[in-house]
Amino acid sequence: QVRLVESGGGLVQFGGSLRLSCAASGTIFSANTMGWYRQAPGKQRELVAEITSGGSTNYADFVKGRFTISRDNAKNTVYLQMNSLKPEDTAVYYCNAVLRASYWSRSAAYWGQGTQVTVSS
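Residues numbered from 1 in each chain as written. Predicted model: local features only at pLDDT ≥ 70, side-chain atom pairs only at ≥ 80, totals over all residues. Heavy atoms only, no water.

Q: Describe in detail the state of the cysteines, supporting the description with residues and values.
A: Applying the stated rule across the entire model yields one disulfide. Residue pairing for Cys22: its cysteine sulfur links by disulfide to Cys95, the two sulfurs lying 2.1 Å apart. The chirality of the disulfide connecting Cys22 with Cys95 is left-handed, given an S-S dihedral of about -80°. In this pair, Cys22 sits in strand S3 (residues 18–25) while Cys95 sits in strand S9 (residues 91–100), placing the two residues 73 residues apart along the sequence. Considered together, Cys22 and Cys95 belong to a single accessibility category, that of buried residues. (Disulfide = S-S within 2.5 Å. Helix = DSSP H or I, 4+ residues; strand = E, 2+ residues; numbered from the N terminus. Buried < 20%, exposed > 50% of the residue type's maximum accessible area, 1.4 Å probe, protein only.)

Below, the structure is given as structure tokens:
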């Protein structure tokens, strides 16, 4: 059973910083792309940033220059460093990972439970 466990959300003031972490646990043969999505009230879930196992990154335009995604392949963990936070960054942030549970398994997408990030003005 694969689980993604997020941590690091919370309340921060405008211009502040937070670091999110997401650790994948369970039976994992390989971890491919890992990333972060967010969903604000009344809005659709949207991609924030993603990173491949080789370290290639992709960012949404609204976080470029402010957020940095990284990962520790040995720990199957992905991080999101969020700087210069704005009230419009307020949302539930979800970890996503494309994983293979075994050599014989196909890749599948897994989601974390979400962590709340609130930025006050």
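Q: Tell me about the sheet that holds strand S7 (residues 67–72), and name the residues and values.
A: One open sheet accounts for four strands, arranged S1-S3-S8-S7; its pairing is antiparallel. Here the strands that pair on one side only, and so sit at the sheet edges, are strand S1 (3–7) and S7. The sheet shows a mean angle of 15° between the axes of neighbouring strands, direction not considered. Judged from the six bridges that link them, S7 and strand S8 (residues 77–82) form a sheet pairing that is antiparallel. Bridging from a neighbouring strand, Ile69 pairs with Leu80 of S8. (Pairing = 2+ DSSP bridges. Axes fitted to C-alpha atoms, helices over the stretch in contact; angles between N-to-C directions.)

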